[in-house]
Amino acid sequence: MNFIVKKEKFPLRAKDQRIRVTDGLSSRFRTGGIIPHVAQALHRQHIARIVQEALEKSGLRASALSAVATTVKPGLALSLSVGLEFTGTLLQSLPTPFIPVHHMEAHALTVRMVHPLPFPFLVLLVSGGHALLALARGVSDFLLLGQGSGSPGGPGAHCCHAFSGQIARRLSLTGHPECRAMGGGQAVEHLALQGDRLKFNLRTPMGHRLDCNFSFAGLRTQVERTIGRLEQEEGVRDGRVLSCVADVCAAAQHAVCAHIAKRTHRAILFCKARGLLPERSPTLVASGGVASNRYARQLLQVITDASGLELLCPPPRLCTDNGAMVAWNGIERLREGIGILPSSAGIRYQPKATFGTDISEEVKQSAIILPPVKLRLAT
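Residues numbered from 1 in each chain as written. Predicted model: local features only at pLDDT ≥ 70, side-chain atom pairs only at ≥ 80, totals over all residues. Heavy atoms only, no water.

### As for the pairing of strand 3 (residues 98-102)
Right, on to step 1. Across the five residues that make up strand 3, a large majority, five, are buried.
Right, on to step 2. Going residue by residue along strand 3, you find Phe 98, Pro 100 and His 102 tucked away on one face and Ile 99 and Val 101 tucked away on the opposite face as well.
Right, on to step 3. Where strand 2 (residues 68-73) meets strand 3, five bridges bridge the pair, whose relative direction is parallel. What sits directly across from Ala 69, in strand 3, is Ile 99.
Right, on to step 4. On the question of chirality, the crossover connecting strand 2 to the parallel strand 3 by way of helix 3 (residues 77-92) is right-handed. (Buried < 20%, exposed > 50% of the residue type's maximum accessible area, 1.4 Å probe, protein only. Helix = DSSP H or I, 4+ residues; strand = E, 2+ residues; numbered from the N terminus. Pairing = 2+ DSSP bridges. Right-handed = clockwise from strand over helix to strand, strands pointing away.)

Given below as structure tokens:
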């Protein structure tokens, strides 16, 4: 598929090491991502209060809970440890079963909290350091069609959330008057609305690979080189903002979202060719950080319209990481009687974890060539 358009990790700086625990949002923006030890401290500081507030708002006591669900994989080790430790302490005084949750499974099922969507459906998940495409056949039954290059959660998977944050820091968007109160990804999306995505020619990654895997390393290099060249041309020093910053944001956002849309298009065609999706109301679900980006949704809508699928996304507040999706995953598993344990004893968190049954090699062997898709969006 070709879009016909009409019309790293950056090193942690010394000053960032001194960020206060209460300054989570701004620290995330300045460093181009999450600082693990800061995230852990924030979790420890707030977890007991948040759980207590949730119980009070529900009008329930902890002893009335049917089960306790906790994310145990994959993710930041320091943060996963806080949740699991708190769960273990809580369950010591309760005769309540424990449901360990896979972070990506929770994202995949979130849509069923707000839409009565039956299985099977295709799901695109892009969340922090994870990017994957899978066919959801049941609550814990997934066929993995493609994922970020390298190991699960590896650097090749970083995209909309982490990638946009890195761009924001590299462009010094904290110094832009319109972006000072925004997170990195939000700032890039905001400025992209004002920019020309055709101003800079950024190649979509992995165009020669006929699979559904993702990689953003090459695109990151392209963006860094473009910014460096522009800084030299304008005589811009560190901490100042380029005059064409909106155009850079627009071009980078388009390249990232086009890459995601193209891999998703191939996944749709593979599933349709293999009869893996229902003939009536086949559906693509986009969840995780990518579903919060309006431009990404527009490109995915173009693809689903061309392929005869319905596009469903959870509300933006449920797209990014949240406790509600973990609780919902627990409800789904409790209903099906899947993965329910008497306690959390012996359970260990897993920073890296596989997801579903990997059939990505079958996708690659199918060698599906994408047809052209016309992209008509406001410039």
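### A closer look at the packing of aromatic side chains
Right, on to step 1. Taken as a whole and assessed by the stated rule, the structure comprises two aromatic pairs.
Right, on to step 2. Between Phe 119 and Phe 121 the ring centres are 5.5 Å apart and the planes differ by 15°, which places this aromatic pair in the stacked class.
Right, on to step 3. A residue is classified by how much of its surface remains accessible, and Phe 119, at 24% relative accessible area, is partly exposed. (Phe/Tyr/Trp six-rings, centres within 6.5 Å; stacked < 30°, edge-to-face > 60°.)

### Looking at the sheet that holds strand 9 (residues 357-358)
Right, on to step 1. With mixed pairing, six strands are arranged side by side in an open sheet as 8-7-4-5-6-9. The outermost strands of the open sheet, each flanked by one partner alone, are strand 8 (310-312) and strand 9.
Right, on to step 2. Bridge count between strand 5 (residues 130-138) and strand 6 (residues 141-147): six bridges; the pairing is antiparallel. Bridge pairing in strand 6 links Leu 133 to Gly 146.
Right, on to step 3. Across the face of the sheet, helix 8 (residues 245-273) comes into contact with strand 4 (121-127), strand 5, strand 6 and strand 7 (283-288) while running at roughly 160° to strand 4.
Right, on to step 4. Its contacts with the sheet put helix 9 (residues 294-307) on strand 4, strand 7 and strand 8, and the angle it makes with strand 8 is roughly 155°. (Contact = heavy atoms within 4.5 Å. Axes fitted to C-alpha atoms, helices over the stretch in contact; angles between N-to-C directions.)

### Quick look at the environment of Val 302
Right, on to step 1. Positionally, Val 302 belongs in helix 9.
Right, on to step 2. Look at Val 302 and you get buried, because its relative accessible area is 16%.
Right, on to step 3. For the pair Val 302 and Val 373, spaced 71 residues apart in the sequence, the C-alpha separation amounts to 7.9 Å.
Right, on to step 4. Once residues lying within four places of it in the same chain are set aside, the contact partners of Val 302 are Val 373, Lys 374 and Leu 375.

### Regarding the pattern of salt bridges
Right, on to step 1. Scanning the entire structure with this criterion turns up 12 salt bridges.
Right, on to step 2. The salt bridge partner of Lys 199 is Asp 247, with a shortest N-O separation of 3.4 Å. Taken together, the positions of Lys 199 in the loop between helix 6 (184-192) and helix 7 (217-234) and Asp 247 in helix 8 put the pair 48 residues apart, joining distant regions of the chain.
Right, on to step 3. You can call Lys 199 partly exposed: its relative accessible area is 48%.
Right, on to step 4. For Arg 209, the salt bridge goes to Asp 211, with nearest N and O atoms at 3.2 Å. (Salt bridge = Lys/Arg side-chain N within 4 Å of Asp/Glu carboxyl O.)

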